[in-house]
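Understanding the architecture of this molecule
As a plain string of letters, each chain reads:
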Amino acid sequence: MRNFEFCNTTKIIFGKDTENQVGSEISRVLEKNLSVKKILLHHSGGSTVRSGLIDRVKKSLKEAGIEWVEFTGVLPNPRFSHVLEGVNIAKKENLQFVLAVGGGSAIDSAKAIAAGAVNDGDLWDYFERKRFIEKSLPIGTILTIPAAGSESSTSCVITNEEGPWKRGMHSPLNRPVFSILNPELTYTLPLYQTACGITDMMAHIMERYFTKEQNVELTDELCEGALRTIIRNARKIFSGGERDYAARAEIMWAGAIAHNGLLDTGRLGDWASHALDHELSALFDLAHGAGLAIIFPAWMRYTIKEDTLRFARFAAKVFGVDGAYYDPEQAALEGISRMENFFRSIGMPVRLKDANIDLSRIPEMAKRVIHFGPIGNYRKLDEKDAEAIYRLAAE
């Protein structure tokens, strides 16, 4: 086990009707001597408005004496140009806090706005790893789409249309000071969005699970248990339980645990699959979860011989495959097959053709993905490896 430090400062407020606490929570965060408390209320519009959620949020803010400037229009794979609009608003209005209402796209957009509002220079430099943020406005979230885990993570991923490039900016300053998680807010999510979220959180766990680090028994078991919980409750939701509070609650909490840093402790994750998918998202605007459902099985088949016993353990512990000790490679391959079947069962693509990806651009994607050098930690991958994985995903 590696040395580690673990500190997650996000306050989680979980349960029914908890969105009504947002005003008091922001008041708790902002300085008491402020004569005016003014925030950016950031959301996509659409369902957050139609459901009445934004009205409830505004009521809570008003009761707490908080003023707001509303900024809408967030898209999946949030756009850098839109972030810059939000930065300009935050600076012009001298805003003190950013509240994101929505899923990972709204939250990541809010994180980038919060950083841009108080740091000078080209904001994209932080995504190109040329600089690191030194300060940020405080952020709060009301989560409506369990998926990215951005509600309690240090991550922020934005798409710059000029590339197009999809890049991450990582900093402890990105962690929201609080996040409100009400499973009831996910009842009306389309099943496709639910499935993308489930796939995304599973990938977050698997990126951490496939490690070369030895003697990480506790986090191995936590990863395996979280994956089984997600799969079991996903099946309940996709068997007519769209409004099953217990199942929705398990999924929502698992999404946060998957990416809040706990499962990183003592180990080094891989993250090549995320990098490979970012090219799909950037070039084809594919939903992140859908891309991961395609890429992760291909990555697994390509790297299976790195440690066949680990893949066999994954198959046995997560998907109940027998024979892991007698024929580890066959068990491992069966585990990958069962994972693909699970993804199919919730409506996810598992091949590039399922998502209408132009296969002629595979060499281009392989070249782009190593922009910062070889990817992955479980096995370092160069351009040739990346192309081979994309082609496996096409078979």
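Notes on the structure in this doc start here. Bear in mind the structure is a predicted one, so any value in this text is a computation, not a measurement. (Residues numbered from 1 in each chain as written. Predicted model: local features only at pLDDT ≥ 70, side-chain atom pairs only at ≥ 80, totals over all residues. Heavy atoms only, no water.)

What follows covers the overall build of the protein chain. Counting its secondary structure elements, the protein chain contains 15 helices and eight strands. What you see for the protein chain is a C-alpha radius of gyration of 21 Å, in line with the 21 Å of a compact globule of 395 residues. Each principal axis of the C-alpha atoms in the protein chain carries an extent, and together these give about 70 × 45 × 45 Å. For the protein chain, the residues scored as buried account for 58% of the 395 residues in total. Intrachain contacts of the protein chain at a sequence separation of at least 6 include 77% that bridge at least 24 residues. Between the mean site of the 48 positive side-chain charges and the mean site of the 51 negative ones, the protein chain shows a separation of 2 Å. (Helix = DSSP H or I, 4+ residues; strand = E, 2+ residues; numbered from the N terminus. Rg over C-alpha atoms; globule rule 2.2 N^0.38 Å. Buried < 20%, exposed > 50% of the residue type's maximum accessible area, 1.4 Å probe, protein only. Contact = heavy atoms within 4.5 Å. Lys, Arg positive; Asp, Glu negative; His and termini not counted. Charge placed at Lys NZ, Arg CZ, Asp CG, Glu CD.)

The terminal C-alpha atoms of helix H13 (residues 328-345), which comprises 18 residues, lie 25 Å apart, in line with the 26 Å expected from a rise of 1.5 Å per residue. On the buried face of H13, the contacting elements are helix H7 (191-209), helix H8 (217-237), helix H11 (288-303) and helix H12 (308-319). In the stretch just after H13, Gly-347 is the one whose phi turns positive, near 85°. (Expected span 1.5 Å × (residues − 1).)

Generally, phi is negative for residues other than glycine and the peptide bonds are trans, each holding for most cases. Cis geometry marks the peptide bond from Gly-163 to Pro-164, where omega comes out at -10°. When you line up the elements, Pro-164 lands in the loop between strand S6 (157-160) and strand S7 (165-168). For Arg-129, which is not glycine, the phi dihedral falls at a positive 65°. Within the secondary structure layout, Arg-129 lies in the loop between helix H6 (124-127) and strand S5 (139-143). Within the chain, Asp-285 stands out as a residue other than glycine whose phi angle is a positive 55°. Along the chain, the position of Asp-285 falls in the loop between helix H10 (272-284) and H11.

This part covers the environment of Ile-54. Checked against the element boundaries, Ile-54 lands in helix H3 (residues 53-63). Among the residues examined, Ile-54 registers a relative accessible area of 2% and is labelled buried. Linking Ile-54 and Ala-117, residues 63 residues apart in sequence, is a C-alpha distance of 23 Å. In contact with Ile-54, not counting residues within four places along its chain, are Leu-41, His-43, Thr-48, Val-49, Glu-70 and Val-101.

Before going further, it helps to examine the packing of H11 against H13. Interaxial distance between H11 and H13 falls to 10 Å at its minimum, and their mutual angle equals 175°. In this view, H11 runs roughly antiparallel relative to H13, as classed from their interaxial angle. Contacts between H11 and H13 involve Ala-293, Pro-297, Met-300 and Arg-301 from the former and Ile-336, Met-339, Glu-340 and Phe-343 from the latter. The class makeup of the residues in the contact of H11 with H13 is six nonpolar, no polar and two charged. (Axes fitted to C-alpha atoms, helices over the stretch in contact; angles between N-to-C directions. Parallel < 35°, antiparallel > 145°, perpendicular 65-115°, else oblique. Nonpolar A, V, L, I, M, F, W, Y, C, P; charged D, E, K, R; others polar.)

A few words on the sheet that holds strand S3 (residues 66-71). Spatially, S1-S8-S5-S4-S2-S3 is the arrangement adopted by the six strands of the open sheet, whose pairing is parallel. For this open sheet the edge positions go to strand S1 (11-14) and S3, each flanked by a neighbour on one side alone. Going across the sheet, the axis of each strand differs from the next one's by a mean of 20°, ignoring polarity. Summarising the sheet, S1 and strand S8 (residues 178-181) pair through four bridges and their orientation is parallel. The partner of Phe-14 across the bridge, within S8, is Leu-181. Sheet strands touched by H3: strand S2 (37-43), S3, strand S4 (98-102) and S5. Its angle to S3, the strand with the most contacts, is close to 150°. Along the sheet face, helix H5 (residues 104-116) touches S2, S3, S4 and S5 and points at about 165° away from the line of S4. (Pairing = 2+ DSSP bridges.)

All right, on to the side chain of Lys-111 then. Summarising the element assignment, Lys-111 is placed in helix H5. No salt bridge is formed by the buried Lys-111; the nearest opposite charge belongs to Asp-108, separated by 4.4 Å. Discounting chain neighbours no more than four positions away, the residues touching Lys-111 are Ile-139, Ser-150, Ser-153, Ser-155, Cys-156, Met-169, Asn-174 and Pro-176. (Salt bridge = Lys/Arg side-chain N within 4 Å of Asp/Glu carboxyl O.)

With that settled, the discussion passes to a nonpolar patch on the surface. Taken together, the side chains of Met-1, Phe-4 and Phe-6 define a hydrophobic patch exposed on the protein surface, amounting to about 320 Å² of accessible area. Among the secondary structure elements, Met-1 is positioned in the segment before S1. (Patch = residues over 30% accessible without salt bridge, like charges linked within 9 Å, V, L, I, M, F, W, Y side chains within 5 Å. Areas by Shrake-Rupley, 256 points an atom, 1.4 Å probe, with all protein chains shown as cover.)

In this structure the tally under the stated criterion is 16 aromatic pairs. A centroid spacing of 4.9 Å and a plane angle of 20° characterise the contact between Trp-124 and Phe-127, whose relative ring orientation is stacked. Of this pair, Trp-124 and Phe-127 are both found in helix H6, three residues apart, which corresponds to roughly one turn of the helix. Seen from their ring centres, Phe-342 and Phe-343 are 6.0 Å apart, and the 50° between their planes marks the pair as tilted. By the burial criterion, Phe-342 is buried, and Phe-343 matches it. Among the aromatic side chains, those forming a connected cluster through ring pairs are Tyr-209, Phe-210, Phe-296, Trp-299, Phe-311, Phe-314, Phe-319 and Tyr-378. Directly above the ring of Tyr-378 sits Lys-212, whose terminal nitrogen or CZ lies 5.3 Å from the centroid. Directly above the aromatic system of Tyr-209 lies the positively charged group of Arg-310, at a separation of 4.6 Å from the ring centroid. (Phe/Tyr/Trp six-rings, centres within 6.5 Å; stacked < 30°, edge-to-face > 60°. Lys NZ or Arg CZ within 6 Å of the ring centre and 35° of its normal.)

Our next topic: the pattern of salt bridges. According to the stated counting rule, one finds 26 salt bridges in the structure shown. Across the pair Arg-28 and Glu-25 runs a salt bridge whose closest N-O atoms are separated by 2.9 Å. One end of the pair is Arg-28 and the other is Glu-25, both in helix H1 (residues 22-29) and three residues apart, which spans about a single turn. The exposure class assigned to Arg-28 is partly exposed, which follows from its relative accessible area of 43%. If you follow the salt bridges from partner to partner, you end up with Glu-221, Glu-224, Arg-313 and Lys-317 in one network.

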